[in-house]
Amino acid sequence: MTLPNPSTDRALRVYLALAQYPILRTRIRARMRRALFERGILSAKDFEAEVRQKAIQSQAREGLHDPLWEETEEIWEIRMSRIRTHLTDFYFAYNLRFEEFEEIVKGVLAERVPMAEEIEVSFNPELAPQDMIFEQALAIENLPPEEHAHYKHRYHELIVVLIRRMISDQLAYINIAKTWFTASDLFEIQRRKIGHGKIGGKAAGMLLAARILSEIAGDDIRESLRIPESYFLGSDVMYAFMSYNDLIHWADQKYKSEEQINSEYATIQAEYAKAEFPADIVEKLQELLAEVGPQPLIVRSSSLLEDNFGTSFAGKYESVFCPNQSSPEENLFELTQAIAYVFASGLNPDALLYRRAMGLQDYDERLAILVQVVEGERFGDYFFPHAAGVGFSRNLYRWSPQISSEDGFLRLVWGLGTRAVDRVGNDYPRLVALSHPNLRPESEPKLIRRYSQQYIDVINLKENQFETLAVHDVLTRRYPLLRYIAQMDHGGYLVPIRSNLSGDAIERVVLTFDALIQRTEIADRMKRILNLLERYYKTPVDMEFAVHVDNLQNITPDVKISILQCRPQSHAEVKEAFIPDDLNPDDIVFSTRRMVPQGHVANIRYVLFVVPEGYYALPTPSARSELGRAIGRVNNILVNDVFICIGPGRWGTRNPDLGVNIRYADIYNTRALVELAGEGIGMAPEPSFGTHFFQDLVEANIYPLAIFLEDEDVVFNREFFYNTPNQLAERAPDEVNLEACLRLIDVSSFRPGYHLELVMDNEAGQAVAILYPD
C-alpha cells in the first residue's frame, strides 16, 4: 500500500487521513499512551481500570443488567477497545501540547515500521475482535529482527488465534499451520473472504501445501507451482442463507432416521434452489465476478471437517462448474444457484450417514465455499487444462513387486480432473507409479488401448456448460500437446506420433501420456512434491492438481503445476497377513493376484453376492439403481454381522450398466467390496483405486479387490456362489423379489461349522478367501 507523505505541514490533517490505515492509527495511539504514562499524568494500571469501569457503565446505559451473560466476549473487547481509544485522545488533548502530537505522527510516518515499545499485550487475543488481532500481528511482523524476537511468543499466539478463527479449529491442522502461515498470509485470505466464519478444510489444505512448498521446495518446484485465483465464503454465510430463507428447520436433519434422510433430500434440494441470498452477500459476489471477468469458475465445498486427518469427506459434498460466459445478471444467477446447490449437498444422505459412521454426527459441520478460477486454456470452443489428476504420496496397491510404496503414484487424465477423482464406469485414467513411471498395470497394446481414457470433461464456452465428450470429438491433429499425451495404434502395437496426422488418423490415437511422462519432469517433480508434503504433514498426503506444459519446442518442456487441494491420505490400519503355505484347494472360495492391499478380514459369516447374469437381466437402468438401494437396506440389516460384497463390474459407478450403482451410505457396514470382471461383465484394471469412493472405503476399513475371471491363476468357487441356499428371504424379506440377482450366502450353509477368513498379502501379491472352522 502507499503510505502518506511525512512532510505534511499539519499533522492533524495527516492523522485524520489515516482512517484507512489501522496499523498506523494503532501505533500513533500506543505512543500517545506511552507519553502519558512517562509524564506521570496517570499510570497504565489506573488507565486500564478506568477503561474497564467506563465499559461497564456503558453497558448499564444500554440496559444490560448482567453484562457477563448478556454480551459476547468479542463485543466486550470491541467496547473496551473503543473506550481505550477515546480515553487516550481525551487525556492527551487535555494534558499535552499539540506539537508533541505532531511529532508522534511524523515519527511514525517516517519510521514506516513500529517500535517494540508500541506493542501492547493488554488484551486477550482469544476474546479480542479480529481487526485488533491483525493490527498487532502485522505490527510485530514488521518489527526489525532483533525486536521481533522479543515478541515472538505473542506473535505465535496471535497467529494460532487467527488460524483457529479463520481457517480451522482442528488441532492436527493448527499444529502444522502455525509454523508456516504469517500474518500477511492470513491478511490476504481475509481480504478475499466474504462473510464471517472459517474458510474450511479444502481451502485450508490448498493454502497450507502451497505455503510449505514455497518455503522449502527446490527452485524448480517453487518456480513451477501456483494456486488458482481463489475467493472464500465464510462458513457462517450458510446459516445466514438458511435463516434468510426460513430453512433452519432442516438443521436437525442429521438426527433423523436413515429413511427420512433419504426421502427428504429431494425436497431440501428444491427449497434451496428457490432460495435467495442476503443483499450484502449478493453485492460481494457481484464484485467477485467483476474482478475475475469472463473466466470459468468452480464452486467447491470447503466444510469445517473436510480434508481433515482421518476423515477426508472425499466427494461427499458437491462442486459445480460455472462457465461464466453469459451476461453479468445471468452469471450472478448461475453463481448463486451453484452456491445454494453446494449448501444443500451438506444435507445429502451420503454425507450425513458418513458423519454418523465416523462418530462426527454432533459436530457443527458448516460448509464454507471455495470459489476458484478454473485452471486451463481455450482449445476451440472448449476450456480445460493440459492434464490434471490426483497424486498420492503412498502407493497402497502396487501392481508390480518392483514398485516402491513410499514413492507414491498419480491418476492422470486429459482435461478437467473430475475424471481422475470421480468413480466413472466406462473410463480409465493413466496410473503412474512414481518409483517406476513407465511401468503400467497393463503390458499388451490391446489392453493399453482398452484401459485408456475414452472421454474428456470440458467447459463448453460456446454453450456455456460443463460437458463430457468422447476424446476424439475434442482432440484434433492441431492440438499442441498431441504427441505428448497420445500414441498411434498400428493394429497390434503403439508408436509415438512423430509427424502430422492425416484427417482420419485421429481415430486411431490412444491416450497414453507416455511422452509427457518420459520427456518432462512431471513424474520426478510430483514425487518430490508429495514427499515434501508428507514429511511436513507428518502423514501421507494426497493432492489434486492441474498441469500446464510450456515451451514445447524445448527438449524438456516446462511443466507448471497448480495445487487444487491437499489433505492427509486416507489409509487403513495395516494388519499382518500371510497366505498359509499348506492351503487346501477345497478350502478356497476365491483367490486373486490383482492389486492386492495388505490386510485381513476375520470371521466372515455372510457374503452378499450380486449375480452377474441376474443383474444384467434387469430390464432398465432404474431397476439396476434400485438394486443398489436394496443393497443399502440389507447393509443396515447386517449391521451386527461380518460380511463382504461381491458383484460384477465397478462398485460405485454412476452408470448402472457398467457396475453396481451404490453410494457409501449403501455399503458402509461391509468389510470388503470385490469386483468381478471378465468377458461380458466388464473389465477394470484398478478397483476404485485413488477415487473419492476408494478413499471412503479405506477410511471405513473396507478393502477393495478385483477378481479377473479370465486370469489363469484366479480361483472362483462357483459352487459356493451359485448353489448355496439364498438367505435373502429370511434376513431381508422385503427384498425377496430380487432373489434372481441378489444372493445372501450364509457361509455355514456351504460348510457347516465354518466361516471365511479373507487374507490379503501385499508382499506376496495375493488375496485368498479361505474356509476356516469355527
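The structure this text deals with has already been given above.
Residues numbered from 1 in each chain as written. Predicted model: local features only at pLDDT ≥ 70, side-chain atom pairs only at ≥ 80, totals over all residues. Heavy atoms only, no water.

## A short note on the overall build of the protein
- In terms of helices and strands, the protein carries 31 helices and 28 strands.
- Here the protein holds 774 residues, and the buried ones make up 57% of them.
- Of the contacts formed within the protein by residues at least 6 apart in sequence, a portion of 74% connects residues at least 24 apart.
- Put simply, the protein shows about 32900 Å² of open surface, and 49% of that area lies on carbon and sulfur atoms. (Helix = DSSP H or I, 4+ residues; strand = E, 2+ residues; numbered from the N terminus. Buried < 20%, exposed > 50% of the residue type's maximum accessible area, 1.4 Å probe, protein only. Contact = heavy atoms within 4.5 Å. Areas by Shrake-Rupley, 256 points an atom, 1.4 Å probe, with all protein chains shown as cover.)

## So, helix α17 (residues 328-345)
- Counted at 1.5 Å a residue, the expected span for α17 with its 18 residues is 26 Å, and the 26 Å between its end C-alpha atoms agrees.
- When α17 is considered as a whole, its buried residues turn out to be Asn331, Leu332, Leu335, Thr336, Ala338, Ile339, Ala340, Val342, Phe343, Ala344 and Ser345. (Expected span 1.5 Å × (residues − 1).)

## Focus: the side chain of Gln453
- Summarising the element assignment, Gln453 is placed in the loop between α20 (445-450) and β12 (455-460).
- A distance of 2.8 Å separates a polar atom in the side chain of Gln453 from the backbone oxygen of Tyr455.
- Not counting residues within four places of it along the chain, the set of residues in contact with Gln453 comprises Val413, Trp414, Arg419, Asp427, Tyr428, Val471, Leu511 and Phe513. (Polar contact = N/O pair within 3.5 Å; in protein donor to acceptor, adjacent residues only side chain to side chain.)

## Overview of the side chain of Ser562
- Take Ser562: it is sitting in strand β18 (residues 558-568).
- According to the relative accessible area criterion, Ser562 is buried, its value standing at 4%.
- A distance of 2.7 Å separates a polar atom in the side chain of Ser562 from a polar atom in the side chain of Glu375.
- Residues in contact with Ser562, not counting those within four places in the same chain, are Arg226, Glu375, Glu544, Phe545 and Ala546.

## A short note on the environment of Ala732
- Looking at the secondary structure, you find Ala732 in the loop between α30 (728-731) and β26 (742-746).
- A relative accessible area of 2% means that Ala732 is categorised as buried.
- Sequence separation of Ala732 and Ile637 is 95 residues, and the distance between their C-alpha atoms is 7.3 Å.
- When neighbours within four sequence positions are excluded, Ala732 is seen to be in contact with Val634, Ile637 and Gln727.

## Topic: the pattern of salt bridges
- What the rule picks out here adds up to 39 salt bridges.
- The shortest N-O distance in the salt bridge between Glu50 and Lys54 comes to 3.8 Å. Linking Glu50 with Lys54, this pair stays in helix α3 (residues 44-61), spanning four residues, or about one helical turn.
- Since its relative accessible area comes to 17%, Glu50 is described here as buried.
- Judged by relative accessible area, Lys54 falls into the partly exposed class, the value being 29%.
- We note a salt bridge from Asp489 to Arg449, for which the minimum N-O separation is 3.0 Å. Of this pair, Asp489 sits in strand β14 (residues 486-489) while Arg449 sits in helix α20, and the two are 40 residues apart along the sequence.
- Residue classification places Arg449 among the partly exposed positions, given a relative accessible area of 28%.
- Among the charged side chains, a network of salt bridges with common partners joins Arg39, Arg97, Glu99 and Glu100. (Salt bridge = Lys/Arg side-chain N within 4 Å of Asp/Glu carboxyl O.)

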